[in-house]
Amino acid sequence: TAVHFTSFFSPLDAEREDSPVRLIAAQFDVPVVLRAKGLDFLDIIRNPRHGYGKNVNPCIDCRIYTFVKAKALMEEIGASFLVTGEVAGQRPMSQRRDAMRLIDKQSGCDGLVLRPLSAKILPPTLPETQGVIKREELLDVAGRGRKVQMRLAKELGLTGYSAPAGGCLLTDKNFSRRVRDLLADREDIDQDELALLQIGRHVRIRPGLKVVVGRSEQENLRLEELTGTSLAFRSADFPGPLVIARGEPTAEEEVLIGSIVQRYCKESRRGTAIEIIDPRSGERRIEVTDVASDSWLTERLV
């Protein structure tokens, strides 16, 4: 049984039938169980016991979290050990040998995690010592290269797997800046707030008030889905982006947000009427002639 952990910080949509997760599982002919990293995972990102990598990636704490969840599934389905595709030395934080030992112990999985690609250079696991797995058939891969893995995939006829680059968005510098800004501004964070992190331009107007600006028709439609109880701003009679406000803007700030709408409209097609959609009280209009300056926006982009 394969288990894949989903989160708002993963670029993969594992629910799709053509996702790498499902394609690989189908080729191995194994069922896939999806487990979501819930809002409790935010506590780990906010206060990781073992610190961050270069950005807001708490890789060691994240690995402990997923192993605890995987062990629970293991016991639920009656499995006796876990298998991962980790390679010793491939990731600088969570795949050092000392980090692997730490993760196994603190997750309660000591001796239960078989890493077939690097098993010969790691201590024997229970399935090996108990004769369930033949250690001599395992490998001794180490380091950051992927040549051995890609050669094996070719020999086994596996296709559709993810490219070596990419992965968790928490390792991305720009995305991490948005996460830091959100965590610093809010204690209670909902799922819509997390989903918004991957969409549009984010402008921090002040503590407690941020706007998200759609950059395309597709993003505008997605923002509509995530508006919730927030105010939405858009041009009333000329083409422009959808902007949603996370927080409670004053009347003056509503005009300021209108100027942001104006900034991302084509100059030749700008009007003055900005429509505000309030889920609680309906729609209204304000007149806005100012255009937010690039320098002001640059200072506040997150």
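In case you missed it, the structure is sitting above this.
All of these numbers come straight from a predicted model, not from anything done at the bench.

Undergrad: Got a minute to help me understand the overall build of the chain in this structure?
TA: When you go through the chain residue by residue, the secondary structure sums to 11 helices and 10 strands. By principal-axis analysis of the C-alpha atoms, the chain measures approximately 75 × 40 × 35 Å. Across the 302 residues of the chain, 42% fall into the buried class. Of the contacts made within the chain by residues no fewer than 6 positions apart, 58% connect residues no fewer than 24 positions apart. Distance between charge centres in the chain, computed from 45 positive and 44 negative side chains, equals 7 Å.

Undergrad: Explanation requested: the layout of surface pockets in the structure shown.
TA: Empty space among the atoms becomes visible once a probe the size of a water molecule is rolled across them. A volume near 530 Å³ is recorded for the second largest pocket. Taken together, 23 residues line the second largest pocket, and the ones lying closest to its centre are Thr 6, Ser 7, Phe 8, Ser 10 and Gln 198. Residue assignment for the lining of the second largest pocket shows that the elements contributing at least two residues are β2 (32-36), α2 (40-46) and α8 (191-196). Top element by residues in the lining of the second largest pocket is α8. It accounts for 3 residues. Partitioned by chemical class, the residues of the lining of the second largest pocket number 13 nonpolar, 6 polar and 4 charged.

Undergrad: Before we go on, may I ask you to explain the side chain of Ser 176 in this structure?
TA: Along the chain, the position of Ser 176 falls in helix α7 (residues 173-185). A polar contact of 2.8 Å, which involves the side chain of Ser 176, links it to the backbone oxygen of Asp 172. Those residues in contact with Ser 176 that sit more than four places away from it in its chain are Asn 55, Val 56, Leu 169, Leu 170 and Thr 171.

Undergrad: Can you help me understand unusual backbone geometry in this one?
TA: For residues that are not glycine, phi is negative in most cases, and the peptide bond is trans in most cases. Located in the positive-phi region is Asp 29, a residue other than glycine, with phi close to 60°. With respect to the secondary-structure elements, Asp 29 resides in the loop between α1 (20-28) and β2. Its relative accessible area of 69% is what places Asp 29 among the exposed residues.

Undergrad: Explain the side chain of Asp 181 to me, please; I cannot follow it from the model alone.
TA: Within the secondary structure, Asp 181 is located in helix α7. Residue Asp 181 is classed as buried on the basis of its relative accessible area, which comes to 16%. Residues contacting Asp 181, with those up to four places away along its chain left out, are Arg 204, Lys 210 and Val 302.

Undergrad: Can you help me understand the pattern of salt bridges in this one?
TA: Between side chains of opposite charge, a pair can form as their charged atoms come close. In this structure the tally under the stated criterion is 22 salt bridges. Note that Asp 181 and Arg 204 form a salt bridge whose closest N and O atoms lie 2.7 Å from each other. Of this pair, Asp 181 sits in helix α7 while Arg 204 sits in strand β5 (residues 201-206), and the two are 23 residues apart along the sequence. For Glu 193, the salt bridge identified is with Arg 246, shortest N-O distance 3.2 Å. Of the two residues, Glu 193 is situated in helix α8 and Arg 246 in strand β8 (residues 243-246); the sequence distance between them amounts to 53 residues. Note on accessibility: Glu 193 and Arg 246 belong to one class, buried. Where salt bridges share partners, they join Arg 63, Glu 86, Asp 104 and Arg 115 into one cluster.

Undergrad: Got a minute to help me understand the pairing of β8 in this structure?
TA: The side chains of a regular strand alternate, residue by residue, between the two faces of the sheet. Here β8 shows no split at all, with Val 243 and Ala 245 on one side and Ile 244 and Arg 246 on the other all buried. Pairing of strand β7 (residues 231-235) with β8, which is carried by 3 bridges, proceeds in the antiparallel orientation. Looking across to β8, one finds that Ala 232 is bridged to Ile 244.

Conventions adopted
- Residues numbered from 1 in each chain as written.
- Predicted model: local features only at pLDDT ≥ 70, side-chain atom pairs only at ≥ 80, totals over all residues.
- Heavy atoms only, no water.
- Helix = DSSP H or I, 4+ residues; strand = E, 2+ residues; numbered from the N terminus.
- Buried < 20%, exposed > 50% of the residue type's maximum accessible area, 1.4 Å probe, protein only.
- Contact = heavy atoms within 4.5 Å.
- Lys, Arg positive; Asp, Glu negative; His and termini not counted.
- Charge placed at Lys NZ, Arg CZ, Asp CG, Glu CD.
- 1 Å grid on protein atoms, 1.4 Å probe; cavity = no way out; pocket = protein on both sides within 12 Å on 5 of 7 lines; lining within 4 Å.
- Points joined across faces, edges and corners; volume = space filled by probe spheres on them.
- Nonpolar A, V, L, I, M, F, W, Y, C, P; charged D, E, K, R; others polar.
- Polar contact = N/O pair within 3.5 Å; in protein donor to acceptor, adjacent residues only side chain to side chain.
- Salt bridge = Lys/Arg side-chain N within 4 Å of Asp/Glu carboxyl O.
- Pairing = 2+ DSSP bridges.

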